[in-house]
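Fold and contact review
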Amino acid sequence: MRSTMMDVPLTLPYVLERVQRYFPHGTVTSLLAAGMDAEGRPIPAKHRYTYADMARRAKQLANALVEAGVRPGDRVATIATNSYRHLEAYFAIPCVGAVLHTVNIRLHPEQIVYIVNHAGDKVLLIDNVLARLLPAILPHCPTLEKVVIMGPVPQQIPGALDYDTWISGQPDTFTYPEIDERAAAGMCYTSGTTGNPKGVVYSHRSIVLHNLGMTHPSGFMIAEGDTVLPVVPMFHVMAWGMPWAVPMVGANSVFASVFSDGPNLARLLAEEKVTVTAGVPTIWMGLLAEIERAREAGEPYDLSGLRELVVGGSAAPEALIRAFDRHGLRIVHAWGMTETSPFGTVSRLPAGVPHDSDEGYRVRAKQGRVPPLVDVRVIDDENRDVPSDGRSMGRLVIRGNWISGGYYGDETASRNSLVELRGPFGTEQWFDTGDIATIDEAGYISIQDRAKDLVKSGGEWISSVDLENALMGHPAVAQAAVIAVPHPKWDERPLAVVVLREGAQATPEDLRAHLEPRFARWWLPDAYEFVESIPIGSTGKFMKRELRDRFRDYRLESADSPA
Ligand code: AMP
């Protein structure tokens, strides 16, 4: 029997119409670079307008794109930071039926060239502050027909158009083409730790459903009345889909473009009375240092409106969660990846568990549970579910309406990313995340490592993430990364690479004593290397591959460690 329900396509034009119709007075505030000071640092300047302005300009951009020959299915690239113009592109490009391809601005120009060519981008929108990349890119990207510079054009780039001038003569109403909800709307390339980057393609339907997940109570509870600052970049996993989800529910948007340092963020969060913000742990470490500095200086920031700081992208150490709690600020831990749009799990506490109890901290340091429409399993090498005991490690697999089932133009990688598993609904395809996790009885996952980052000592797995988080709980430690180094007897043993806080001191013995009560002896790092800094990659995470290269020939002094 067929239902009598309507079948309305889930598409981004619907979201844009909703924003314009119901939330015209919602605001978009962008902190932009207005120029450079004498020391070459960007000078911040604020831009503010409403969602009514945004929708009008997005439609002007849509008309300009159509006039430039952009057709449904064409790819339009952006190389841009978080700002109102980028937001306009987020709506306009999918609304003409084209594909918004956000390019990670921190990649090497060679990688940018590779992914622009792989995607076959037709038009490029680029921030003025990033226009310096163009000479290294343009000669090698034959598919690019048009380059448009967002913000005042800094120098003469032959053939490049000024965005504001380009859209200004266009009508601010737009007739949408018919769009299939399963058609491509956006694409992102994963950072690609081995081999070439791989393209993940989001559909209109997956984005709209992800918007509902992001704003849902079991997600991030975003609603009208909220003001949301995604520090997560619009060039990495679509800023967690926030540029679409936030306006859709009528919450205000705040963007920080190049200003993700502690002092600028603290000021912006306070001035704009931001209620929800999201970023990777390194961003919040910088913010914490600034909050503590300001408090000691007797000029504390008023962050009383800040309800939640969502952290994801790398594990949030329990010490970081506790440190923010001491300032009355709530860290909420989430997990996801480019292939999961990215919302996979969030650690919301079970009813009745106080957030500042030991049990609360234990749960909050986990990556959490899935929202509706997404499911996870943790499986062993024979694809059997590991026990849900919070201890047994296995491969994390995930399935759902906003989870990728393959990669653009890469059949081998697509096939390898999926695993067939039996379940209550028959045999299904699951996406193999490449993460190693545990899952407990209540369904909370805890990420132990990337499969390739695990330390395998004498055939047993050691979680580098657990060790790092514990090390970062030591008062003298600013940052810590644990990597595997070759060992003649045990294959691999953990080496801790540590950055000490300014002016702080700690010896390897101190750090070992700090870890000893928490871990089995054979888990303890064999050695500690103190360094000035740990390399951070294009997405704000420790670049362990670089560390592994650097310490490839490291010779452990103790020839047989695990006792
Ligand atoms: P990306 O696709 O670049 O966003 O990277 C996704 C990867 O980041 C995941 O597969 C995890 O390895 C890691 N990741 C994301 N969030 C977390 C988290 N909360 N804790 C630990 N690792 C995380």
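Conventions used here
- Residues numbered from 1 in each chain as written.
- Predicted model: local features only at pLDDT ≥ 70, side-chain atom pairs only at ≥ 80, totals over all residues.
- Heavy atoms only, no water.
- Helix = DSSP H or I, 4+ residues; strand = E, 2+ residues; numbered from the N terminus.
- Buried < 20%, exposed > 50% of the residue type's maximum accessible area, 1.4 Å probe, protein only.
- Near = heavy atom within 4 Å.
- Polar contact = N/O pair within 3.5 Å; in protein donor to acceptor, adjacent residues only side chain to side chain.
- Areas by Shrake-Rupley, 256 points an atom, 1.4 Å probe, with all protein chains shown as cover.
- Domains from an automatic or database assignment.
- 1 Å grid on protein atoms, 1.4 Å probe; cavity = no way out; pocket = protein on both sides within 12 Å on 5 of 7 lines; lining within 4 Å.
- Points joined across faces, edges and corners; volume = space filled by probe spheres on them.
- Nonpolar A, V, L, I, M, F, W, Y, C, P; charged D, E, K, R; others polar.
- Core = buried A, V, L, I, M, F, W, Y, C linked by side-chain atoms within 4.5 Å.
- Contact = heavy atoms within 4.5 Å.

What follows covers unusual backbone geometry. Residue proline 342 is bonded to the preceding serine 341 through a cis peptide linkage, with omega at 15°. You can see proline 342 is positioned in the loop between β14 (331-336) and β15 (343-346). Residue serine 341 is not a glycine yet carries a positive backbone phi of 75°. Turning to its location among the elements, serine 341 is positioned in the loop between β14 and β15. The exposure class assigned to serine 341 is buried, which follows from its relative accessible area of 7%.

Residues in close proximity to the ligand total 18 residues, the closest being Ala334, Thr338, Asp435, Arg450 and Lys541. Here a nitrogen atom of the ligand and a side-chain polar atom of histidine 333 are 3.0 Å apart. For the ligand, the accessible surface in isolation is 500 Å², of which the surrounding protein chains cover 91%. For the shell around the ligand, the secondary structure elements donating two or more residues are β14 and β20 (445-450). Ranked by residues supplied to the shell around the ligand, first place goes to β14 with 4 residues. Both domains that furnish three or more residues to the shell around the ligand are identified here as domain 1 (15-34 + 43-259) and domain 2 (374-452).

Take the layout of surface pockets next. By rolling a water-sized probe across the atoms, one finds the places where empty space is left. By volume, the second largest pocket amounts to about 1,200 Å³. Around the second largest pocket, the lining is made up of 50 residues, and of these Thr282, Ile283, Met285, Gly286 and Gln479 lie nearest the centre. Looking at the lining of the second largest pocket, the elements with two or more residues in it are β1 (27-36), α11 (281-296), α12 (318-325) and β23 (477-487). The leading source of residues in the lining of the second largest pocket is α11, at 8 residues. Across the lining of the second largest pocket, the residue classes tally to 27 nonpolar, 15 polar and 8 charged.

Applying the stated criterion across every chain, the model contains 2 cavities of 30 Å³ or more. Roughly 60 Å³ of volume is contained in the second largest cavity. In this structure, the second largest cavity is lined by Tyr202, Ser206, Ile207, His210, Asn211, Met238, Gly241, Trp244 and Ser341. When residues in the lining of the second largest cavity are grouped by element, the largest group, 4 residues, is from helix α7 (residues 204-215).

All right, on to the nonpolar core then. Met54, Leu61 and Leu125 are the most contacted members of the largest nonpolar core, which has 87 residues in total. Each of domain 1 (15-34 + 43-259) and domain 2 (374-452) contributes no fewer than three residues to this core. The contacts of leucine 61, once residues within four sequence positions are left out, are Glu88, Ala89, Ala92, Leu125, Tyr163, Trp166 and Ile167. One finds Met285, Ile331, Ile436 and Met472 within the second-largest nonpolar core, a separate group that totals 68 residues.

So yeah, pure geometry; function would need other evidence.
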